[in-house]
Amino acid sequence: MKREEVNIAIDWAAKEGWNPGFHDADCYYHTDPNGFFMGLLDGKPISTLSVVKYSASFGFLGFYIVHPDYRRQGYGLKIWKSGIQYLYGCNIGLDGVVEQQTNYKKFGFKLAYRNIRFECLGSDDLSVDADVIKLAKLPFETIELYACPFFPEKRIAFMKAWLNQPDCKALGIIQNDSLVGYGVMRKALNGYKVGPLYADTLAFADAIFSSLIQSVDPLQPVYLDIPEVNQEALKLAERYKMKKVFETARMYTGKFPDLPLDKLYGVTSFEVG
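Throughout what follows, the structure given in this document is the object of discussion. Every value quoted in this text rests on a predicted model; they were computed, and no experiment measured them.

Some words on the nonpolar core
Line of reasoning, step 1. In terms of nonpolar packing, the biggest core is built from 45 residues, with Leu135, Leu163 and Tyr182 touching the most fellow members.
Line of reasoning, step 2. Breaking this core down by element, the ones donating at least two residues are helix H1 (3–15), helix H2 (24–31), strand E1 (36–41), strand E3 (58–66), helix H5 (140–147), helix H6 (156–163) and strand E8 (178–187).
Line of reasoning, step 3. Setting aside residues no more than four positions away along its own chain, Leu135 makes contact with Ile143, Leu163, Ala170, Leu171, Gly172, Leu179 and Tyr182.
Line of reasoning, step 4. Counting 28 residues, the second-largest nonpolar core is a separate cluster that includes Met185, Leu197, Leu212 and Val216.

Here's what the structure looks like:
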C-alpha cells in the first residue's frame, strides 16, 4: 500500500469494531512502509494485511481483513500467503480474533496467551499522582532503555512516532533517578485507548493509568488491552470496574519471546504488537 491506502485498512478495521486510533496509520506506516499489502480485484480493493518487519528475525501481522462482499472465496488466503512470504525466516507474531485461531494454527502459529480488551469510562474526579511526570521531560534514550525488554526487537522509529503523535498523552514515573513505568493514551475513533502501559509494580501502573484518564470526559470510554497472564493487571481492571469487551489470541510461529509480562499492563497495539 501507499500511505493514503492505509486509511482504507483503518476504515475497515473500524467497521470490524477494532476501534483504531486516529493517528495509528502514520505511526504504523512509518515503521515499515513495505509491510502493508492490499488485494485488488479489477482494480478494486478487496483485502488488506500488514506484515511489519522489525528485523530479519521478527515481524508482526495485523489488519488481516477481507471486504465482507468477497469473503470465503479464497481472496484472504492469497494476500495471507503474500504476507507470510514477505516475513519468510522471521518469527511472526499476531493478535488474532478468536474465531480465526484454528486457521492460524494451520500455518504454524501457536497460542502464547490471551489479550483481553477492557473498557471503562473516563473520570474527572481522579487525582494526578505527584510522582507522575510528562514523558517528554525525559531523554528518549531513557524511555527506550526502559521499553526495550517489552518487545522482541528494537523499534526506535515506531516509538518516536508513537510518543509524539497528535492527541496523545504520555506519562511516566521516576524513582531513584530511574524510570519505573510509563503509559500512553491516544484518541481513538471511539473514546481513548491506553497502550502501552508498562510498570514495575501495580501501584506504579495504577498511578500512571489514573493520571492518564483523569482528564477524559466521563461520558467517553477508555480501553486497555491486558495480557490475561498478568494477574496484577487484571486487578487494575477490577479496581476501575472495567468490563471485558473483546479478546485476541497472541500467537507466534516460533519461540515465544521472553517478555516481562508481569510488568506489561497494557499492550501497545493489536495491529503491530
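Back to the text.
Side note on the pattern of salt bridges
Line of reasoning, step 1. Taken as a whole and judged by the stated rule, the model has eleven salt bridges.
Line of reasoning, step 2. In this structure, the salt-bridge partner of Asp206 is Arg239, at a minimum N-O distance of 2.0 Å. With Asp206 in helix H7 (residues 202–213) and Arg239 in helix H8 (residues 231–239), the pair connects residues that are 33 residues apart, well separated along the chain.
Line of reasoning, step 3. Between Glu232 and Lys235 there is a salt bridge, with its nearest N and O atoms 2.9 Å apart. Here Glu232 and its partner Lys235 are both found in helix H8, three residues apart, which amounts to about one turn of the helix.
Line of reasoning, step 4. On the basis of relative accessibility, which here comes to 44%, the residue Lys235 falls in the partly exposed class.
Line of reasoning, step 5. Beyond isolated ion pairs, a larger network of salt bridges with shared partners links Arg114, Glu228 and Glu247.

Some thoughts on the packing of aromatic side chains
Line of reasoning, step 1. Inspection of the entire model under this criterion finds 22 aromatic pairs.
Line of reasoning, step 2. An aromatic cluster is present here, built from Tyr54, Phe58, Phe151, Tyr252 and Phe256 joined pairwise through their rings.
Line of reasoning, step 3. Here the guanidinium or amino end of Arg155 rests over the ring plane of Phe151, the centre of that ring lying 3.6 Å away.
Line of reasoning, step 4. One Lys or Arg, Lys187, reaches over the ring of Tyr192 and ends 5.1 Å from the middle of that ring.

Quick notes on the pairing of strand E4 (residues 91–97)
Within a regular strand, the side chains alternate between the two sheet faces.
Line of reasoning, step 1. Along E4, seven of the seven residues are buried, which leaves the element largely enclosed by surrounding structure.
Line of reasoning, step 2. Burial along E4 is two-sided: the residues Asn91, Gly93, Asp95 and Val97 and Ile92, Leu94 and Gly96 are all buried.
Line of reasoning, step 3. Summarising the sheet, E4 and strand E11 (residues 243–252) pair through five bridges and their orientation is antiparallel. Its bridge partner being in E11, Leu94 is matched across the sheet by Met251.

Each value, and the rule that gives it
- Residues numbered from 1 in each chain as written.
- Predicted model: local features only at pLDDT ≥ 70, side-chain atom pairs only at ≥ 80, totals over all residues.
- Heavy atoms only, no water.
- Core = buried A, V, L, I, M, F, W, Y, C linked by side-chain atoms within 4.5 Å.
- Buried < 20%, exposed > 50% of the residue type's maximum accessible area, 1.4 Å probe, protein only.
- Helix = DSSP H or I, 4+ residues; strand = E, 2+ residues; numbered from the N terminus.
- Contact = heavy atoms within 4.5 Å.
- Salt bridge = Lys/Arg side-chain N within 4 Å of Asp/Glu carboxyl O.
- Phe/Tyr/Trp six-rings, centres within 6.5 Å; stacked < 30°, edge-to-face > 60°.
- Lys NZ or Arg CZ within 6 Å of the ring centre and 35° of its normal.
- Pairing = 2+ DSSP bridges.

Taken by themselves, the reported measurements are silent on function.
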